[in-house]
Amino acid sequence: MEYNLADLFESIVDAVPDREALVYVDHPGTGAERRLTYAELDRAANRLAHHLRDRGIGPGHHVGLHLYNGVEYLQAVYACLKIRAVPVNVNYRYVEEELAYLYRDADLVALVFDAEFTARVATALPRAGRLRHLVRVGAPPSDAPEPGIRPVPLAEAEAAGSPDRGFAPRSADDQIVIYTGGTTGMPKGVMWRHEDIFLSGMGGGAPTGEPVKRPQELAERVAAGGEGLVFFPTPPLMHGTSTLTAFIAFHYGQKVVIHRKFVPEEVLRTIEREKVTCVSLVGDAMLRPLVDALAGPLRGTDCSSLFSVSSSGAILSETVRAQFGALAPGTMLLNNFGSSESGFNGTATEDSGPDKGFRLRVDTRIAVVDPAGREPVAVGEVGRIALRGHVPLGYYNDPEKTAETFFEAHGDRWVLLGDMATVDEEGIVTVLGRGSQCINSGGEKVYPEEVEQALKSHPDVYDALVAGVPDERWGTRVAAVVQLRPEAPPLDLAGVQAHCRSRLAGYKIPRAVVFTDHIQRSPSGKADYRWAKAVASGDREA
C-alpha cells in the first residue's frame with residue numbers, strides 16, 4: 001500500500017464501514033438531506049468509477065467536476081481516484097468563454113456537471129478539445145439546449161456500475177489537479193502527486209498532530225479512535241480549501257457536513273443540529289454574516305459544540321474575530337495560511353492584527369527568499385515565501401509558469417509563492433500580501449490586505465477592498481471600496497482617513513474611497529481585485 005488517496009480512503013472504509021461519513025443538505029431550510037456511511041459513500045464512488053472505466057476513461061485521463069456542493073462532488077472525486085483518473089475542479093461561476101478555455105487547457109476527456117449548467121456546457125463543448133463523455137446530475141431546465149454529446153444521467157451511470165471495487169493497483173504518483181486563479185489572469189492547473197498532497201496539503205493524516213509514518217497507520221488510527229468530530233467546510237468544494245478539509249475529516253474517520261450553498265442562517269442551524277465541531281470558511285465575507293445572524297435572528301442558537309473556526313484564503317479581521325468570540329465563547333478562531341500550490345503552511349500567531357500584520361511561526365520547510373536569486377533574504381528584508389519538500393510537480397500545460405514558480409535548490413524541490421513577506425530574528429514570518437496586488441505609490445509599496453484590515457476594524461465598516469488607481473503625481477494612489485453596515489451613520493473620506501491614521505503609515509492611508517452597497521467576492525469569499533480596481537477607478541458602477 002502506498003500514499004494513494006483512493007487506497008487510503010478504502011482502508012478507512014474497511015475499518016469503520018458503518019460510521020456516518022457525509023451529511024448533505026440539498027436545499028437549506030427545506031429539511032431535504034442525504035446521509036451516507038463510509039461504506040455507502042464508497043459504493044457510490046465505485047458505481048461511478050466503473051461507469052467511467054467502461055467508457056474508456058482511466059489512468060491519467062482528466063475528468064472535470066462542474067458541480068455545486070453535493071454528495072456527487074465527493075463521489076466523483078473518489079470515482080476518479082479509484083480508476084487513477086485525474087479529478088479537475090471547474091469554477092461554476094465561469095461563463096462560456098472561460099469554460100471553453102478551462103475544458104481545453106485541462107485536456108478534459110469527461111465532465112460531471114450539474115443540470116443547471118447544461119446551456120453553458122452545450123455552448124462551450126464545441127471548443128472543448130478532447131472532451132468526449134458527459135455525466136449530468138439532475139434534470140436540465142426545459143429550455144436548455146442539449147450538448148452535442150448526449151449526457152448520461154448520473155442515476156443511469158450508477159445503475160450500470162458495480163458497487164464493488166475490483167480496480168487495478170494504484171500509485172503514490174497518481175495525480176490530482178487543482179485549478180486556481182482567474183482574478184488576475186487565466187486559471188492555472190496545479191499538478192499534485194497523491195503522496196505530496198497527502199503529506200503537505202492534508203498534514204499526513206494529522207494536520208495538528210503527528211503525521212502517519214506509513215500508509216497502513218491511517219486506518220489503524222481510525223479503528224482505534226472514536227467518533228465525535230464533525231467537519232463543516234462551508235465554501236464551495238470547487239475550491240481547494242473545502243475539498244482538502246473533507247479529505248482531512250475522512251482521514252480522521254469523522255463526519256463531513258456540506259450545504260449546497262452558503263446560507264448563514266442555515267449554517268448556524270446545522271451547527272446546532274449536527275453538533276458541528278470544526279467549521280472552515282474564507283475570511284470576514286463568510287464569518288461576518290454568521291456574526292450578524294447569531295447576534296440577530298438566530299440569537300441563542302447553540303454553538304457550544306464548536307471547537308474551531310478556521311479561515312484560509314482571506315484573513316479574519318480582529319474586529320470580526322472579537323464579535324464572534326463574544327457570541328460563541330470558547331471557540332478557537334484560526335487564520336490559516338496556505339495555497340493551491342503549497343497546501344497548509346501554518347496558522348497565524350495570536351498577536352497578528354492590523355498593527356503587527358499577519359504573522360506565522362513556521363518550520364524549516366518555509367523560507368523568505370529573493371525571488372531572483374532564490375536565496376534567503378536578510379532579517380527585515382522583503383522577499384517571497386518559498387516552501388520545500390512535498391510540493392506540486394508544476395502547472396499543467398504551462399512549462400513557462402512552472403519554471404517561474406517551481407525550482408530545485410540544495411537537493412530539495414521548492415515552490416515560490418506569490419506572497420511577499422519579511423522574517424525577524426525569532427524566525428517569525430510576517431506576510432505582507434500578494435505581490436501581484438502590491439500598490440506602488442511614489443516608490444512606496446502598499447499591500448492591500450494590510451489596509452483592508454485597518455478599514456475593517458472600523459465599527460461601521462462591513463467589508464472593504466483596496467486597489468491602486470492612476471495618479472498624476474504618485475503614479476498610483478491607494479483607493480478603497482467600502483461597504484458600510486446597515487443602519488450605519490454616514491462616513492466620508494475624512495472619517496476613513498482619520499480611522500486609518502492611528503493604524504497605518506501615512507503613505508498607506510486611502511486617498512480615495514468609493515462607498516458601495518455590496519462588495520463583490522467569489523463564492524468562497526476571496527477578493528475580486530479586478531472588480532475593486534474598476535469600481536475605485538470609476539470604470540464600473542458601485
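Just so we're clear, the structure is a prediction, and the values are computed from it rather than from any experiment.

## Focus: the overall build of the protein
Point 1. Counting its regular elements, the protein contains 16 helices and 27 strands.
Point 2. Against the compact-globule benchmark of 24 Å for 542 residues, the protein has a radius of gyration of 23 Å, which places it among compact chains.
Point 3. In the protein, buried positions account for 57% of the 542 residues.
Point 4. Of all intrachain contacts in the protein linking residues separated by at least 6 positions in sequence, the fraction that spans at least 24 positions is 66%.
Point 5. Total accessible area on the protein stands at roughly 21600 Å², and carbon and sulfur atoms take up 49% of it.

## Re the nonpolar core
What tends to happen in soluble globular proteins is that the nonpolar side chains get buried as a cluster.
Point 1. Residues Y103, L111 and F250 are the most contacted members of the largest nonpolar core, which totals 107 residues.
Point 2. Looking at which element gives the most residues to this core, the answer is helix α3 (residues 71-82), with nine residues.
Point 3. The residues touching F250, leaving out its near neighbours within four places in the chain, are F9, I12, A21, Y38, L41, L74, Y78 and V256.
Point 4. Core analysis: the next-biggest nonpolar cluster, separate from the first, contains 26 residues, V279, V282, M286 and L294 among them.

## Overview of the state of the cysteines
Point 1. In the structure shown here, the tally under the stated rule is zero disulfides.
Point 2. Among the cysteines around C303, which has no disulfide bond, C278 carries the closest sulfur, lying 14 Å off.
Point 3. The buried category is assigned to C303, whose relative accessible area is 9%.
Point 4. Cysteine C500 remains unbridged, with the sulfur of C438 as its closest cysteine sulfur at 17 Å.
Point 5. Since its relative accessible area comes to 0%, C500 is described here as buried.

## What about the side chain of D7?
Point 1. Checked against the element boundaries, D7 lands in helix α1 (residues 5-15).
Point 2. Side chain to side chain, D7 and R170 meet in a polar contact 2.6 Å long.

## Considering the sheet that holds strand β12 (residues 278-281)
Point 1. With mixed pairing, the eight strands of this open sheet are ordered in space as β2-β1-β11-β10-β12-β13-β14-β15. Strands with a single pairing partner mark the edges of an open sheet, and in this sheet they are β2 (33-37) and β15 (343-347). Strand-to-strand twist of the sheet, defined as the mean angle between neighbouring strand axes without regard to direction, takes the value 20°.
Point 2. Against the sheet, helix α12 (residues 318-327) engages β13 (308-311) and β14 (332-339), with an angle of about 140° to β14.

## Side note on the pattern of salt bridges
Point 1. On inspection of all chains with the given rule, the structure shows 36 salt bridges.
Point 2. Note that E10 is salt-bridged to R170, the shortest N-O span being 3.0 Å. With a gap of 160 residues between them, E10 in helix α1 and R170 in the loop between α6 (154-160) and β8 (175-180) connect regions that are remote in the sequence.
Point 3. Relative accessible area serves as the criterion here: at 11%, R170 is assigned to the buried category.
Point 4. In this structure, E97 engages R127 in a salt bridge whose closest nitrogen and oxygen atoms are separated by 2.8 Å. In this pair, E97 sits in helix α4 (residues 96-105) while R127 sits in the loop between α5 (118-124) and β6 (133-137), placing the two residues 30 residues apart along the sequence.
Point 5. Taking relative accessible area as the criterion, E97 reaches 54% and is therefore assigned exposed.
Point 6. Residue classification places R127 among the partly exposed residues on the basis of a relative accessible area of 32%.
Point 7. One continuous salt-bridge network, built from bridges that share partners, spans D7, E10, D14, D42, K82, R165 and R170.

## Here's the deal with the pairing of β13
Point 1. Side chains S308 and S310 project from β13 onto one buried face, and the interleaved V309 and S311 project onto a second face that is buried too.
Point 2. With four bridges joining them, β12 and β13 adopt parallel strand pairing. Looking at the pairing, S280 lines up with S310 of β13.
Point 3. The parallel pair β12 and β13, bridged by helix α11 (residues 284-295), forms a crossover whose chirality is right-handed.
Point 4. Sheet topology places β13 next to β14; four bridges connect them, and they run parallel. Counted as the bridge partner of S311 is N335 from β14.
Point 5. With α12 bridging β13 and the parallel β14, this β-α-β connection has right-handed handedness.

## Observations regarding empty space enclosed by the protein
Point 1. Per the counting criterion, the structure on display carries two cavities of 30 Å³ or more.
Point 2. Looking at the largest cavity, its volume works out to about 130 Å³.
Point 3. As for the largest cavity, its lining consists of 16 residues, of which Y73, N89, I176, I178 and T243 are closest to the centre.
Point 4. The set of elements that each furnish at least two residues to the lining of the largest cavity consists of α3, β4 (86-89), β8 and α9 (240-251).
Point 5. It is α9 that contributes the most residues to the lining of the largest cavity, four residues altogether.
Point 6. Residues that form the lining of the largest cavity fall into these classes: twelve nonpolar, four polar and no charged.
Point 7. Quantified by volume, the second largest cavity comes out at close to 30 Å³.

## Details of the layout of surface pockets
Point 1. Roughly 450 Å³ of internal volume is contained in the second largest pocket.
Point 2. Forming the walls of the second largest pocket are 22 residues, and the residues nearest its centre are F262, A285, R521, S522 and P523.
Point 3. Among the secondary structure elements, those contributing two or more residues to the lining of the second largest pocket are α11 and β25 (461-471).
Point 4. Element by element, the count of residues in the lining of the second largest pocket is highest for α11, at three residues.

## A look at helix α2 (residues 38-54)
Point 1. Taking 1.5 Å of rise per residue, 17 residues should cover 24 Å, and α2 covers 24 Å from first to last C-alpha, within 8% of that figure.
Point 2. Burial within α2 is extensive, with twelve of its 17 residues counted as buried.
Point 3. Buried residues of α2: Y38, A39, L41, D42, A44, A45, N46, L48, A49, H50, H51 and L52, and no others.
Point 4. Phi turns positive, to about 85°, at G56, one or two residues after α2.

## Examining the environment of V446
Point 1. Here V446 is to be found in strand β24 (residues 444-446).
Point 2. Relative accessible area serves as the criterion here: at 0%, V446 is assigned to the buried category.
Point 3. Once the C-alpha coordinates of V446 and E341 are considered, the two residues, 105 residues apart in sequence, prove to be 24 Å apart.
Point 4. With residues up to four places along the chain from it excluded, the contact list for V446 reads C438, I439, V451, V478, Y507 and K508.

Analysis parameters
Residues numbered from 1 in each chain as written. Predicted model: local features only at pLDDT ≥ 70, side-chain atom pairs only at ≥ 80, totals over all residues. Heavy atoms only, no water. Helix = DSSP H or I, 4+ residues; strand = E, 2+ residues; numbered from the N terminus. Rg over C-alpha atoms; globule rule 2.2 N^0.38 Å. Buried < 20%, exposed > 50% of the residue type's maximum accessible area, 1.4 Å probe, protein only. Contact = heavy atoms within 4.5 Å. Areas by Shrake-Rupley, 256 points an atom, 1.4 Å probe, with all protein chains shown as cover. Core = buried A, V, L, I, M, F, W, Y, C linked by side-chain atoms within 4.5 Å. Disulfide = S-S within 2.5 Å. Polar contact = N/O pair within 3.5 Å; in protein donor to acceptor, adjacent residues only side chain to side chain. Pairing = 2+ DSSP bridges. Axes fitted to C-alpha atoms, helices over the stretch in contact; angles between N-to-C directions. Salt bridge = Lys/Arg side-chain N within 4 Å of Asp/Glu carboxyl O. Right-handed = clockwise from strand over helix to strand, strands pointing away. 1 Å grid on protein atoms, 1.4 Å probe; cavity = no way out; pocket = protein on both sides within 12 Å on 5 of 7 lines; lining within 4 Å. Points joined across faces, edges and corners; volume = space filled by probe spheres on them. Nonpolar A, V, L, I, M, F, W, Y, C, P; charged D, E, K, R; others polar. Expected span 1.5 Å × (residues − 1).

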